[in-house]
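Listed below, chain by chain, are the residues.
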Amino acid sequence: MRKFLFCILVWLMATVMAHAQTRLVKEHRQKEFPEQIPAGNYSGITWLGEDEYAVVSDKAKDGFFIFKIKIDPNTGAIKSAALKEKKENGNTGRDAEDIVYFPSKKTLFVVGESDNQAREYELNGKRTGRMLKMPKRFLNAGGKYGLEAVAYNGHTRLFWATTESTLKADGPQAEGGSKTKNRLRLQSFSEDLQLAGQYFYVMDESVAKNKSARYAMGCSALTALDNGDLLVMEREFYVPSGKLGAFVNSKIYCVHPQKEDKMAADAAWNKDKVLKKQLICQWRTSLGLFVQSIANYEGMCLGPKLSNGDQVIVLISDSQDQYGGVLCDWLKTIVIRSE
């Protein structure tokens, strides 16, 4: 009888988890720490534990930075942030776009857009020689909108990666003023670094209406949650010729790949096999005469859990070395809950 009741309890728990939804609890305002964090091109972030984070820059030498970021354990707001040290290996930069911590090996995986690889690094900044077995379509993505994001979660024991924009084989890439939607492949990998599952994801269409002097539309980061869900950050960066009126639209969606049918790694695009997505959070930053909040968020990672069990998500922006004395190295947190 006890065994029967235990099985019923397990089934009920599994049913609840299967219908769990991730929702936003709190969105905190972005903050800058100009005296503690030097101007940079920060493009990815991952939590190492306690108050330490590893951060990459797409313009720096090969390696990463260690930041100390203190977060309020009750609210999830950032209390302070500072650069602690640099970890380099003497190699030239790989246009590093993202980074993720692999706790069981105490190593890091860094995505480089110049080679479209996710390479493994020791905590001292040296390469181990290992890398995720990237699909050929990803390796041939090119450098402009190539491999952009990597994620890992110890509960699901899966890595994830995707490109910033649509692969050539999957159609045209989104541009400002067009109705084209980027179509991405979200690729998972097992802990032995081999291919696991691939899922198709469609971004929202551009909201920019006019021609731009500079434009970027794509996925800038991924974060893998403990329940198997995946957060996808969509970012549209629009700059007109006069600079004023520039904006960045940032959106975070949640998808549930483990509840969907995966596709073969070499599968052609199938519009009927697209992940359903749930909007978690969105915000817009801009550049005007009196407002200079513009922030190009490129990095996102799991942070600590709060005292009540809610999950903190940490985000970092790329200021392009504080371009024009206007852009800032913004940090931001949101708090989510799975129910």
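Along each chain, the written sequence defines residue order, and numbers are assigned to residues from 1. At least 70 in pLDDT is required for a residue's local features to be given in this predicted model, at least 80 for side-chain atom pairs to be given and counted, and no such filter applies to totals for whole chains, interfaces and linings, which use all residues. Note: side-chain values were computed over all heavy atoms of the structure, leaving out hydrogens and water.

Asks: An account of the side chain of D229 is requested, with residue identities and associated values reported.
Replies: Relative to the helices and strands, D229 is located in the loop between β14 (214–224) and β15 (230–239). The contact rule is simple, with two residues in contact once any of their heavy atoms fall within 4.5 Å. Setting aside residues up to four positions removed in sequence, D229 forms contacts with T22, T223, A224, C254, V255, H256 and P257. Only DSSP runs of H or I with at least four residues qualify as helices, and only runs of E with at least two residues qualify as strands; both kinds are numbered from the N terminus onward.

Asks: Describe the sheet that holds strand β4 (residues 63–71), naming the residues involved and giving the relevant values.
Replies: Strand pairing within a sheet occurs via backbone hydrogen bonds; the two strands may be parallel or antiparallel. The strand order β2-β3-β4-β5 describes an open sheet built from four strands, whose pairing is antiparallel. Of all the strands in the sheet, the pair left with one neighbour each is β2 (42–49) and β5 (78–88). Put simply, the sheet's adjacent strands are angled 25 degrees from each other on average, direction ignored. Two strands form a pair only when DSSP identifies at least two bridges running between them. As paired strands, β2 and strand β3 (residues 52–57) are joined by six bridges and run antiparallel to one another. In the strand pairing of β3, Y42 is matched with S57. Helix axes are fitted only over the stretch in contact, all axes being lines through C-alpha atoms; the angle between N-to-C directions runs from 0 to 180 degrees.

Asks: How would you sum up the sheet that holds strand β13 (residues 195–202)? Please name residues and give values.
Replies: Across the sheet, four strands lie side by side as β10-β11-β12-β13; this open sheet has antiparallel pairing. Either end of the sheet is taken by a strand with one partner, and the two such strands are β10 (147–153) and β13. Neighbour-to-neighbour, the strand axes of the sheet open up by a mean angle of 20 degrees, direction not taken into account.

Asks: So, the side chain of D329: which residues are in play, and what are the values?
Replies: Within the secondary structure, D329 is located in the loop between β19 (311–317) and β20 (331–338). For every residue, the accessible area obtained with a 1.4 Å probe (protein chains only) is divided by the maximum for its type, and the residue is called buried under 20%, exposed over 50%, and partly exposed between those limits. The charge count treats Lys and Arg as positive and Asp and Glu as negative. His and the chain ends do not count. When a carboxyl oxygen of Asp or Glu lies within 4 Å of a side-chain nitrogen of Lys or Arg, that pair is called a salt bridge. At 11 Å, K59 is the nearest oppositely charged side chain to D329, a buried residue that forms no salt bridge. Side-chain atoms alone can form a polar contact between residues adjacent in sequence; in general such a contact is a pair of N or O atoms within 3.5 Å, and within protein one must be able to donate a hydrogen while the other accepts it. Among the polar contacts made by the side chain of D329, one reaches the side chain of S319 at a distance of 2.8 Å. Not counting residues up to four positions away in its chain, the partners in contact with D329 are K31, E32, P38, A39, G40, Y42, S317, S319 and Q322.

Asks: How would you sum up unusual backbone geometry? Please name residues and give values.
Replies: The phi angle of most residues is negative, glycine excepted, and most peptide bonds adopt the trans form. With a phi angle near 55 degrees, D95 is a residue other than glycine that sits in the positive phi range. Within the secondary structure, D95 is located in the loop between β5 and β6 (96–102). At N116, a position not held by glycine, the phi torsion is positive, near 55 degrees. The residue N116 is located in the loop between β7 (107–112) and β8 (117–122) in this model.

Asks: How would you explain the packing of aromatic side chains if you had to name every residue and give the values?
Replies: Describing an aromatic ring pair means giving the distance of the ring centres and the angle of the ring planes. The pairing test for Phe, Tyr and Trp rings, Trp by its six-membered ring, is centres within 6.5 Å, and the orientation test on the planes gives stacked under 30 degrees, edge-to-face over 60, and tilted for anything in between. Scanning all chains against the criterion turns up 11 aromatic pairs. Ring centres of W160 and Y199 lie 5.8 Å apart, and the angle between their planes is 40 degrees; this geometry places the pair in the tilted category. Placement of W160 in strand β11 (residues 158–163) and of Y199 in strand β13 is noted, with a sequence separation of 39 residues between them. Just as W160 is buried, Y199 falls in that class too. Between the aromatic rings of F200 and W269, the centroid separation amounts to 4.4 Å while the plane-to-plane angle is 40 degrees, which identifies the pairing as tilted.

Asks: Help me get a handle on the layout of surface pockets, residues and values and all.
Replies: Whether a set of points on the 1 Å grid over the protein atoms alone is a cavity depends on a 1.4 Å probe fitting there but being unable to get out, while an open set qualifies as a pocket with protein on both sides within 12 Å along at least five of seven lines; lining residues are those with an atom within 4 Å of a point. Grid points are joined across faces, edges and corners, and a volume is the space filled by probe spheres set on the points. As a volume, the largest pocket reaches approximately 410 Å³. Forming the walls of the largest pocket are 26 residues, and the residues nearest its centre are W47, Y152, N153, G154 and L302. Among the elements of the structure, β2, β6, β10, β14 and β18 (297–305) are those that each provide at least two residues to the lining of the largest pocket. Take the lining of the largest pocket: its biggest share by element is six residues, from β18. Its residues placed into classes, the lining of the largest pocket shows 16 nonpolar, eight polar and two charged. Its boundaries defined by the atoms lining it, the second largest pocket holds a volume of some 340 Å³. Each residue is assigned to one class: nonpolar for Ala, Val, Leu, Ile, Met, Phe, Trp, Tyr, Cys and Pro, charged for Asp, Glu, Lys and Arg, and polar for all the others, Gly among them.

Asks: Can you break down the nonpolar core residue by residue, with the values?
Replies: Take the buried Ala, Val, Leu, Ile, Met, Phe, Trp, Tyr and Cys residues and link them wherever side-chain atoms come within 4.5 Å; each set so joined is a nonpolar core. One finds W160, L186, Y201, L222, L230, V232 and V255 to be the most contacted residues of the largest nonpolar core, which totals 23 residues. Elements with a minimum of two residues in this core: β10, β11, β12 (183–189), β13, β14, β15 and β16 (247–255). Here this core takes five residues from β14, the largest share from any one element. Excluding anything up to four places from it in sequence, V255 contacts L186, Y201, D229, L230, V232, L275, K276 and K277.

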